[in-house]
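Chain and residue survey
Chain residues, written in single-letter form:
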Amino acid sequence: GQQVMQIPQYQHVQEGEDFTTYCNSSTTLSNIQWYKQRPGGHPVFLIQLVKSGEVKKQKRLTFQFGEAKKNSSLHITATQTTDVGTYFCAGSLYGNKLVFGAGTILRVKS
Amino acid sequence: DVKVTQSSRYLVKRTGEKVFLECVQDMDHENMFWYRQDPGLGLRLIYFSYDVKMKEKGDIPEGYSVSREKKERFSLILESASTNQTSMYLCASSRNPSGRREQYFGPGTRLTVT
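Read on for an overview of the structure. Because the structure is a prediction, the values reported are computed rather than measured.

So, about the overall build of chain B. Counting its regular elements, chain B contains zero helices and 11 strands. The secondary structure elements of chain B, listed N-terminal to C-terminal, are β-β-β-β-β-β-β-β-β-β-β. At 13 Å, chain B has a C-alpha radius of gyration in line with the 13 Å of a compact globule built from 114 residues. Taken along the three principal axes of its C-alpha coordinates, chain B extends 40 × 30 × 25 Å. Relative to its full complement of 114 residues, chain B shows a buried share of 47%. A separation threshold of at least 6 residues defines the contact pool for chain B, and within that pool the share at least 24 residues apart is 56%. Averaging the locations of the 18 positively and 15 negatively charged side chains of chain B gives two centres separated by 3 Å.

This part is about the interface of chain B and chain A. On the chain A side, the residues contacting the 21 residues of chain B number 21 residues. Counting the surface lost from both chain B and chain A, the interface buries some 1600 Å², and carbon and sulfur atoms represent 52% of this. Linking chain B with chain A are one salt bridge, by the criterion used here. The residue K97 of chain A makes a salt bridge to D59 of chain B at a minimum N-O spacing of 3.6 Å. For the pair chain B and chain A, the number of links is five residue pairs in polar contact (both at pLDDT 80 or more). In terms of residue count, strand 5 (residues 42-51) of chain B provides more of the side of chain B that touches chain A than any other element does, four residues in total. Split by residue class, the side of chain B that touches chain A holds nine nonpolar, seven polar and five charged.

All names here are of chain A. Counted according to the given criterion, the structure contains two disulfides over all chains. Each disulfide pairs two cysteine sulfurs, and for C23 the partner residue is C89, the sulfurs being separated by 1.8 Å. Looking down the S-S bond of the C23 and C89 bridge, the torsion is 70°, so its handedness is right-handed. Highlighted residues: C23 in strand 3 (residues 19-25) and C89 in strand 9 (residues 85-92), separated in sequence by 66 residues.

A word on the sheet that holds strand 8 (residues 73-78) of chain B. Residues and elements named next belong to chain B. The strand order across the open sheet formed by four strands is 1-3-8-7, and the pairing between neighbours is antiparallel. At either margin of the open sheet sits one strand with a lone partner, and together these are strand 1 (4-6) and strand 7 (64-70). Averaged over neighbouring strand pairs, the angle between their axes works out to 20° when direction is ignored. Relative to strand 3 (residues 19-25), strand 1 runs antiparallel, the two sharing three bridges. Looking at the pairing, T5 lines up with V24 of strand 3.

Residues and elements named next belong to chain B. The alternating pattern of strand 11 (residues 109-113) places T109, L111 and V113 on a buried face and R110 and T112 on a face that is not buried. Bridge count between strand 2 (residues 10-13) and strand 11: four bridges; the pairing is parallel. Across the sheet, the residue bridging to K13 is V113, located in strand 11. Of the strand pairs in this sheet, strand 9 (residues 87-94) and strand 11 are connected by three bridges, and their pairing is antiparallel. Looking at the pairing, M88 lines up with R110 of strand 11.

Before going further, it helps to examine the sheet that holds strand 8 (residues 71-76) of chain A. Residue and element names in this part refer to chain A. Spatially, five strands are ordered 1-3-8-7-6 in an open sheet, and the strand pairing comes out antiparallel. The open sheet has two edge strands, strand 1 (4-7) and strand 6 (55-58), and neither has a second partner. Averaged over all adjacent pairs, the angle separating strand axes in this sheet is 15°, with direction ignored.

Glancing now at the pairing of strand 6 of chain A. Residues and elements named next belong to chain A. Where strand 6 meets strand 7 (residues 61-65), four bridges bridge the pair, whose relative direction is antiparallel. What sits directly across from Q58, in strand 7, is L61. Linking two consecutive strands that pair antiparallel, namely strand 6 and strand 7, is a turn of two residues; a positive phi of about 55° is found at K59 within it.

The rules behind the values
Residues numbered from 1 in each chain as written. Chains lettered and ligands numbered in written order. Predicted model: local features only at pLDDT ≥ 70, side-chain atom pairs only at ≥ 80, totals over all residues. Heavy atoms only, no water. Helix = DSSP H or I, 4+ residues; strand = E, 2+ residues; numbered from the N terminus. Rg over C-alpha atoms; globule rule 2.2 N^0.38 Å. Buried < 20%, exposed > 50% of the residue type's maximum accessible area, 1.4 Å probe, protein only. Contact = heavy atoms within 4.5 Å. Lys, Arg positive; Asp, Glu negative; His and termini not counted. Charge placed at Lys NZ, Arg CZ, Asp CG, Glu CD. Buried area = accessible area lost by both parts, 1.4 Å probe. Salt bridge = Lys/Arg side-chain N within 4 Å of Asp/Glu carboxyl O. Polar contact = N/O pair within 3.5 Å; in protein donor to acceptor, adjacent residues only side chain to side chain. Nonpolar A, V, L, I, M, F, W, Y, C, P; charged D, E, K, R; others polar. Disulfide = S-S within 2.5 Å. Pairing = 2+ DSSP bridges. Axes fitted to C-alpha atoms, helices over the stretch in contact; angles between N-to-C directions.

From the geometry alone we can't say anything about function, so treat these as descriptive.
Right, here's the structure in full:
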């Protein structure tokens, strides 16, 4: 079945450093979504990318969708302690079912 | 403000017991989902429903069943709980089309089967 691979599984950064998580699919996706789950919380939707090569920004967060629509990345500039949590990507093949990646756990040392 | 609520935050059950997890959403969403979350495995879809009384198996339906008698309510049933079903269970809902609309998650139920 459709699989969405996400790396790294875990990253520990110093506050102020940058952070990137990557999402890869073996098949072309129609769209990709990103979610954030704070420790002890539930996943919360961040953004959706639909177009090939699309780049969207939310303050210090930059989201990219690859030209082939098979990969995506989330980059955080100058991490803060409020960025801690697990970041999930979720891709859809035909716009019907979302498949979630395993998530990247981000820890920030202050 | 969309709200998805789950009947319990924490639940402890014994092996062999029948377990009901309830989920209610208040935004008239067509789609509802049940996931389990385990460390290193992310969110795995158990079942989803795209309409009242309609359901489809997800990636890991074995040992589970679901019920959707009303649009706002989606129940997950463990017919005979086993220790390998100890996990965090998350319910979610969305509008159509389900793959292109954001999912709203409930707070989760942490189930321990002893």
